[in-house]
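Structure assessment
One letter stands for each residue in the lines below.
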Amino acid sequence: MEDILEVLKTGMEIELNGITLYKSASERTDDPKAKEVFNFLSQEEVKHYGYLKKAYDAASSGEKINIEISLPETSFNRIFSDDFLKNLKGKNFEFSAISTGMILEKNSVLFYSEQAKKATDPNVKHLFEELAKWEEGHLNMLTKEYNDIKERFWEDNRFSPF
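Note that the coordinates shown come from a computational prediction; the quantities given were computed from them, not determined experimentally.

1. A word on the overall build of the protein chain
Broken down by element type, the protein chain carries 5 helices and 0 strands. When the helices and strands of the protein chain are read in sequence order from the N terminus, they spell out α-α-α-α-α. Every one of the 162 residues in the protein chain was classed for burial, and the buried ones make up 43%. Summarising the internal contacts of the protein chain: among those between residues at least 6 apart in sequence, 80% fall at separations of at least 24. Carbon and sulfur atoms make up 49% of the accessible area of the protein chain, which totals about 9000 Å². Each charge class in the protein chain can be summarised by its mean position, and for the 22 positive and 30 negative side chains these summaries are 4 Å apart.

2. Overview of the pattern of salt bridges
In the structure shown here, the tally under the stated rule is 7 salt bridges. Notably, a salt bridge pairs Lys53 with Asp57, separated by 2.7 Å at the nearest N-O pair. Taken as a pair, Lys53 and Asp57 lie in helix H2 (residues 32-60) at a separation of 4 residues, close to a single helical turn. Residue classification places Lys53 among the partly exposed positions, given a relative accessible area of 32%. Judged by relative accessible area, Asp57 falls into the partly exposed class, the value being 35%.

3. Notes on the packing of aromatic side chains
Summed over the entire model, instances satisfying the criterion amount to 7 aromatic pairs. With a centroid separation of 6.4 Å and 15° between ring planes, the pair formed by Tyr22 and Phe38 is classed as stacked. Highlighted residues: Tyr22 in helix H1 (residues 4-28) and Phe38 in helix H2, separated in sequence by 16 residues. Judged by its relative accessible area of 1%, Tyr22 falls in the buried class.

4. Observations regarding H2
Helical geometry: 3.6 residues make up each α-helical turn, so side chains three or four residues apart lie on a common side. The end-to-end C-alpha distance of H2, which contains 29 residues, comes to 41 Å, matching closely the 42 Å that a straight helix rising 1.5 Å per residue would cover. Where H2 terminates, the next one or two residues include Gly62, which has phi positive at roughly 80°.

5. A look at H1
For H1, which comprises 25 residues, the first-to-last C-alpha distance of 36 Å matches the rise-based estimate of 36 Å (1.5 Å per residue) to within 8%. For H1, the complete set of buried residues consists of Val7, Leu8, Gly11, Met12, Ile14, Glu15, Gly18, Ile19, Leu21, Tyr22, Ala25 and Ser26. The inward-facing, buried residues of H1 contact H2, helix H4 (92-118) and helix H5 (122-156).

6. Quick look at the environment of Phe95
Relative to the elements of secondary structure, Phe95 occurs in helix H4. A relative accessible area of 7% means that Phe95 is categorised as buried. Spatially, the C-alpha atoms of Phe95 and Phe76 are 17 Å apart, while their sequence positions differ by 19 residues. In this structure, Phe95 is in contact with Tyr146, Ile149, Lys150, Phe153 and Trp154, ignoring residues within four places of it in sequence.

7. Re the nonpolar core
Phe38, Leu41, Ile79, Phe80, Ile98 and Leu142 are the most contacted members of the largest nonpolar core, which totals 24 residues. Looking at this core, the elements with two or more residues in it are H1, H2, helix H3 (82-86), H4 and H5. In terms of residue count, H5 provides more of this core than any other element does, 6 residues in total. Counting 22 residues, the second largest nonpolar core, distinct from the first, contains Leu8, Met12, Tyr51 and Ala59.

8. Side note on the side chain of His48
Relative to the assigned elements, His48 resides in helix H2. At a separation of 2.9 Å, a polar atom in the side chain of His48 contacts the side chain of Glu135. Excluding its chain neighbours within four sequence positions, the residues that come into contact with His48 are Glu15, Leu131, Trp134, Glu135 and His138.

About the thresholds
- Residues numbered from 1 in each chain as written.
- Predicted model: local features only at pLDDT ≥ 70, side-chain atom pairs only at ≥ 80, totals over all residues.
- Heavy atoms only, no water.
- Helix = DSSP H or I, 4+ residues; strand = E, 2+ residues; numbered from the N terminus.
- Buried < 20%, exposed > 50% of the residue type's maximum accessible area, 1.4 Å probe, protein only.
- Contact = heavy atoms within 4.5 Å.
- Areas by Shrake-Rupley, 256 points an atom, 1.4 Å probe, with all protein chains shown as cover.
- Lys, Arg positive; Asp, Glu negative; His and termini not counted.
- Charge placed at Lys NZ, Arg CZ, Asp CG, Glu CD.
- Salt bridge = Lys/Arg side-chain N within 4 Å of Asp/Glu carboxyl O.
- Phe/Tyr/Trp six-rings, centres within 6.5 Å; stacked < 30°, edge-to-face > 60°.
- Expected span 1.5 Å × (residues − 1).
- Core = buried A, V, L, I, M, F, W, Y, C linked by side-chain atoms within 4.5 Å.
- Polar contact = N/O pair within 3.5 Å; in protein donor to acceptor, adjacent residues only side chain to side chain.

Here's what the structure looks like:
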C-alpha cells in the first residue's frame, strides 16, 4: 500500500472537494428541500474528513489506526421539492451540482475501494470499506435523482434534440 499518510491526505482532499461543492449548492439553491439535502451531504463529508484526520493524526504519531465509523441513519428519497420540480427551466446550477456530485462520489467510491483492497492493516481496510459504502449511498441518491429528472430538465431547458 502507498504511504498511508499520503493516502489519508488524498482522502481528506477528496472530502474537502465534496464539502465545498455541497456547501456551495446549499447556499445557492432556492429550493428549501435541496438546501436541506445539500447541507446534509456537506455535513456528511465533514464527518468523513474528520475520520480521515483522526486516522492521519494517529498514523503520523506512530499510533495504530483504529477508527470507529457509524454509517448515517438519515437518508432522502428526493433532493428537490415538488414545487421545484414543476419547472426546471433555468435550474442549471442545481442540475450541475448533482452531476458534479455524482462524479465526486464515484471517484470517492473507487478511491476508497481501491485503498481497502491494498490495505494490509485490518483497521485501515475497515475504515476504507466503510467510507466506500457511505460514499456509494451518496452516489446512489444523486444518481436516482439525476435519472428521475434528466429528461424533464432537458425538455424544460430545450436541450433535447427531439
